[in-house]
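Examining the three-dimensional arrangement
Spelled out from the first residue to the last, the chains are:
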Amino acid sequence: MSFGGSGGLPGVDAVTPNALVLTGRITRADVPGLCARLEALLSGAPEAAVVDCDVGGVVRPDLALVEAVARLGLVARRAGGAELRLRNVPAELGTLLDLVGLAQVLGVAQAAPE
């Protein structure tokens, strides 16, 4: 009996997810460049794509980072209804997003381990 297979599920194409990784300290000056990176990433993506934004590597989450992820969410929605999904969200950022009312607006996929 052989279990050698095709390397995937039949009839299901492998999809490489769109990903944006934020690391270090994010300032307000970084926001336009991050938005441009996301626009470039989404330029070849199908409509209603999902973009995973990994924020686990950010240092000292603050309101500048909240502004950055909020604007990235807007860029994604304006690009054909794409969804920005935050991954590895530090507890401090999660608290700030909840405080300003963006926790439900921005998709938080998983919290970072503490």
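In what follows, the accompanying structure is described. Here the structure is a predicted model, which means the values were calculated and not measured.

What counts, and where the lines are drawn
Residues numbered from 1 in each chain as written. Predicted model: local features only at pLDDT ≥ 70, side-chain atom pairs only at ≥ 80, totals over all residues. Heavy atoms only, no water. Buried < 20%, exposed > 50% of the residue type's maximum accessible area, 1.4 Å probe, protein only. Helix = DSSP H or I, 4+ residues; strand = E, 2+ residues; numbered from the N terminus. Pairing = 2+ DSSP bridges. Right-handed = clockwise from strand over helix to strand, strands pointing away. Expected span 1.5 Å × (residues − 1). Contact = heavy atoms within 4.5 Å. Polar contact = N/O pair within 3.5 Å; in protein donor to acceptor, adjacent residues only side chain to side chain. Arc of directions from axis to C-beta.

Of the two faces of strand E3 (residues 83–87), the one lined by Leu84 and Leu86 is fully buried and the one lined by Glu83, Arg85 and Arg87 carries no buried residue. Where strand E2 (residues 50–58) lies against E3, five bridges are found, and the strand directions are parallel. Along E3, the bridge assignment pairs Asp54 with Arg87. By the bridge criterion, two bridges tie E3 to strand E4 (residues 107–108) in an arrangement that is parallel. Directly across from Arg85, in E4, lies its bridge partner Gly107. For the handedness criterion, the β-α-β arrangement of E3, helix H3 (residues 91–99) and E4 is classed as right-handed.

A few words now on helix H2 (residues 63–78). Since the α-helix turns once every 3.6 residues, residues separated by three or four places project in the same direction. The end-to-end C-alpha distance of H2, which contains 16 residues, comes to 22 Å, matching closely the 22 Å that a straight helix rising 1.5 Å per residue would cover. Listing the buried residues of H2 in full gives Ala64, Leu65, Val66, Ala68, Val69, Leu72, Gly73, Val75 and Ala76. For H2, the secondary structure elements touched by its buried residues are strand E1 (18–24), helix H1 (31–42), E2, E3 and H3. For H2, the N-terminal capping position is held by Asp62, with its side-chain oxygen 3.2 Å away from the main-chain nitrogen of Ala64.

Those residues of H3 that sit buried are Leu93, Leu96 and Leu97. Within H3, the buried residues cover an arc of 100° as seen down the axis, which keeps them to one side. For H3, exposure combined with an orientation more than 90 degrees from the buried face picks out Thr95 and Leu99. Of the surrounding elements, those touching the buried residues of H3 are E2, H2 and E3.

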